[in-house]
Amino acid sequence: MEFKGTKTEWEVVEHNWRETSICSNGKTICSFELDDIEEEDLTENDLTEEENAYNIQLIKHSKEMLEMLKESTEVIKWYMENSTSELSEPFFNIGANQIEQTEQLINQATEL
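Residues numbered from 1 in each chain as written. Predicted model: local features only at pLDDT ≥ 70, side-chain atom pairs only at ≥ 80, totals over all residues. Heavy atoms only, no water.

Attention now moves to the packing of helix H1 (residues 49–82) against helix H2 (residues 89–110). At a closest axis distance of 10 Å, the pairing of H1 and H2 adopts a crossing angle of 150°. With respect to H2, the axis of H1 lies roughly antiparallel. In this structure, H1 crosses over H2, and the sense of that crossing is left-handed. Mapping the contact onto sequence places Leu66, Leu69, Lys70, Thr73, Ile76, Lys77, Tyr79 and Met80 in H1 and Phe91, Phe92, Gly95, Ala96, Gln98, Ile99, Thr102, Glu103, Leu105, Ile106 and Thr110 in H2. Residue classes in the contact of H1 with H2 are distributed as 11 nonpolar, 5 polar and 3 charged. (Axes fitted to C-alpha atoms, helices over the stretch in contact; angles between N-to-C directions. Helix = DSSP H or I, 4+ residues; strand = E, 2+ residues; numbered from the N terminus. Parallel < 35°, antiparallel > 145°, perpendicular 65-115°, else oblique. Left-handed = near helix turned anticlockwise from the far one by under 90°. Contact = heavy atoms within 4.5 Å. Nonpolar A, V, L, I, M, F, W, Y, C, P; charged D, E, K, R; others polar.)

Here it is, written out as structure tokens:
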């Protein structure tokens, strides 16, 4: 479950009005290019400028989100193993299910 991608800090680089990349230490991780299409001429297959901006934002923070997800899973595991109060069966099942789903998602994100 180790992140094997680019570990150094990621930054958004706007090359011009049309092209934006996410880079790390001068290396391009991914690029986005807007088509020169008027808003009213967009089809269902085209991304709007706003959608592109949100996609870039999500990708830029995905590495930190992955780390937070891993930490949250460890907190749930620790609590379930070390809780001094009696955990009800429904709570235990929810926690166990959450751990399983989260670990599955982390594996999908970190393994090819």
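So, on to the nonpolar core. Formed by Phe3, Trp10, Ile22, Cys30, Phe32, Ile56, Leu66 and Ile106, the largest nonpolar core amounts to 8 residues. Beyond its immediate sequence surroundings of up to four residues, isoleucine 22 is in contact with Trp10, Glu11, Val12, Lys27, Thr28, Ile29, Cys30, Phe32, Ile56, Ile59 and Lys60. (Core = buried A, V, L, I, M, F, W, Y, C linked by side-chain atoms within 4.5 Å. Buried < 20%, exposed > 50% of the residue type's maximum accessible area, 1.4 Å probe, protein only.)

Here 4 bridges tie strand S1 (residues 11–14) to strand S2 (residues 19–24), and the two strands are oriented antiparallel to one another. Bridged to valine 12 within S2 is isoleucine 22. In sequence, S1 turns back onto S2 through a hairpin of 4 residues. (Pairing = 2+ DSSP bridges.)

Ordered by their spatial adjacency, 3 strands build an open sheet running S1-S2-S3, and the pairing between neighbours is antiparallel. Edge positions in the sheet fall to S1 and strand S3 (27–33), since each has one partner strand and no second. Strand-to-strand twist in this sheet, taken as the mean axis angle between neighbours without regard to direction, amounts to 25°. Strand contacts of H1: S1, S2 and S3, with the helix running at about 160° to S3, the strand carrying the most contacts.

Let us look at the pattern of salt bridges. If you walk through the whole model with that rule in mind, you get 4 salt bridges. Between lysine 70 and glutamate 67 there is a salt bridge whose closest N-O contact spans 3.5 Å. Separated by 3 residues within a single helix, lysine 70 and glutamate 67 lie in helix H1, roughly one turn from each other. It is possible to trace a salt-bridge network through shared partners that takes in Glu74, Lys77 and Glu103. (Salt bridge = Lys/Arg side-chain N within 4 Å of Asp/Glu carboxyl O.)

With that settled, consider the pairing of S3. The side chains of a regular strand alternate, residue by residue, between the two faces of the sheet. As judged from the 6 bridges shared by S2 and S3, these two strands associate in the antiparallel manner. From the neighbouring strand, serine 24 faces S3, where its bridge partner is lysine 27. The hairpin turn running from S2 into S3, its antiparallel successor, is 2 residues long, and asparagine 25 in that turn takes a positive phi close to 50°.

This part takes up the environment of leucine 105. Looking at the element boundaries, leucine 105 is found in helix H2. Taking relative accessible area as the criterion, leucine 105 reaches 46% and is therefore assigned partly exposed. Leucine 105 sits 104 residues away from methionine 1 along the chain, and the two C-alpha atoms are 9.9 Å apart.

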